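Report on the structure
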Amino acid sequence: MSGISLSSYRRVTVKIGSALLVDRAAGLRREWLAALVDDVARLAAAGTEVLVVSSGAIALGRTVLGLGRRALRLEESQAAAAVGQIALAGAWSGELGRHGLISGQVLVTLGDTEERRRYLNARATISTLLKMRAIPVINENDTVATSEIRYGDNDRLAARVATMMGGDLLVLLSDVDGLYTAAPERDPTARFIPVVDRITPEIMAMGGAAASDLSRGGMRTKLDAGRIATAAGVAMIIASGKQLGPLSAIDRGARATLFKPSPMPVRAYKTWIAGQLEPAGRIGIDDGALRALLQGKSLLPAGVKRVEGAFSRGDTVAIMGPDGREAGRGLVAYDAADAVKIAGLKTGDIAAVLGYEARAAMVHRDDLVLSQPTGEADKRKVEGTDVAGA
Ligand code: GLU
């Protein structure tokens, strides 16, 4: 890929995979970090705001504690994260300080980007750091986040941060240098893809497992991150961070895949859905479905408890949470009569009941707007002026 100039972007989120920062035996790879920070400082000097999402807490803590390669129990990896994070933050602050740059550590959990009040908090803090010309160094708060309240991978976390902060570019640095039609280490016919205009199901299907044992994010989570980012108008680059100074390498034309931001005005579309004054019906959902929606997933018939109103396919319906409050609005994929028939059914059982092969989702994620923002573009639209002007 050529023609990419990182400094032409206004606000860049750089996600760094654990395997780049941490060597199993030697611990923190200081030389690598120093070179990366040289790149960051160059971008900052050119007027680009940089946010760092740094993985590596657990991997580093593992090394410091001498835990070897064995699988860790949850509380062990949380303890490792506690030990690793403090060292990691110290290293970032030391390296950035060498360039006269101030850094601020931000540890977030899923709720901080998915719940409206906390989302506003997290965004205000990060936005203030940027105003103060400090570089936010962000990670998941692994010491307290467990299973259902965690992102689990920093690819999606970084995408949420980038969209939450109204960024225009997300760079995922790891040990893979881009997207291939298949896993290149296993399939000799795998072709490299320099530019992705749109993340289609075919592109998603290319996301085989590319995870190394130090990192959680394989290609799949990178493509998930791409979906979150590009739908909100943020471009994404997947590039290898193996060499020293990987950001300047991208500027020099090193191999990388660019995912273009969606030209489709998702914001306007979703604002329009959210603004429908009188929904044609209501769909009551259970707890599990609500959690899925908060994670950016579609509403499946399995999570539907109640169907009210005489809506047609394509009408706007209000989605009511288990507490009876409106959780969101979306365009429904079924007529009311069919929706009643398939409410509560697993996806595989729907065709038999309806007599035709139908869509899996009752309301597809693309056609859905949550009343509580989820970290995507519609939030920026509503509340983003302070961020855009920061
Ligand atoms: N938050 C984890 C850590 O810092 C890394 C998650 C990931 O590798 O995506 O250790």
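Refer to the structure above for everything that follows.
Reading the values: the criteria
- Residues numbered from 1 in each chain as written.
- Predicted model: local features only at pLDDT ≥ 70, side-chain atom pairs only at ≥ 80, totals over all residues.
- Heavy atoms only, no water.
- Helix = DSSP H or I, 4+ residues; strand = E, 2+ residues; numbered from the N terminus.
- Contact = heavy atoms within 4.5 Å.
- Axes fitted to C-alpha atoms, helices over the stretch in contact; angles between N-to-C directions.
- Parallel < 35°, antiparallel > 145°, perpendicular 65-115°, else oblique.
- Nonpolar A, V, L, I, M, F, W, Y, C, P; charged D, E, K, R; others polar.
- Near = heavy atom within 4 Å.
- Polar contact = N/O pair within 3.5 Å; in protein donor to acceptor, adjacent residues only side chain to side chain.
- Areas by Shrake-Rupley, 256 points an atom, 1.4 Å probe, with all protein chains shown as cover.
- Buried < 20%, exposed > 50% of the residue type's maximum accessible area, 1.4 Å probe, protein only.
- Pairing = 2+ DSSP bridges.

Topic: the side chain of D224
In this structure, D224 sits in helix α9 (residues 219–231). If near-sequence neighbours (up to four positions away) are discounted, D224 is found in contact with R156 and M204.

Section: the packing of helix α3 (residues 57–65) against helix α4 (residues 74–98)
For the pair α3 and α4, the least separation of the axes is 6 Å and the interaxial angle reads 95°. Judged by the angle between their axes, α3 and α4 are roughly perpendicular. Here α3 contributes A57, I58, L60, G61, R62, V64 and L65 to the contact with α4, which in turn contributes S77, A79, A80, A81, V83, G84, Q85, A87 and L88. Residue composition of the contact of α3 with α4, by class: eleven nonpolar, four polar and one charged.

Notes on the site of the ligand
The environment of the ligand is formed by ten residues, the closest being A57, I58, N139, D142 and N154. At 3.0 Å from an oxygen atom of the ligand is found a main-chain nitrogen or oxygen belonging to G56. Taking N139, its side chain carries an N or O atom lying 2.7 Å from an oxygen atom of the ligand. Protein burial of the ligand: of its 300 Å² of free accessible surface, 98% is covered by the chains.

Here we look at the pairing of strand β4 (residues 49–54)
Across the six residues that make up β4, a large majority, six, are buried. Of the two faces of β4, both are covered, the one formed by E49, L51 and V53 as well as the one formed by V50, V52 and S54. As paired elements, strand β1 (residues 11–16) and β4 share six bridges and run parallel to each other. What sits directly across from V14, in β4, is V52. Pairing of β4 with strand β6 (residues 134–140) involves two bridges; the strand directions are parallel. Bridge pairing links V52 to V137 in β6.

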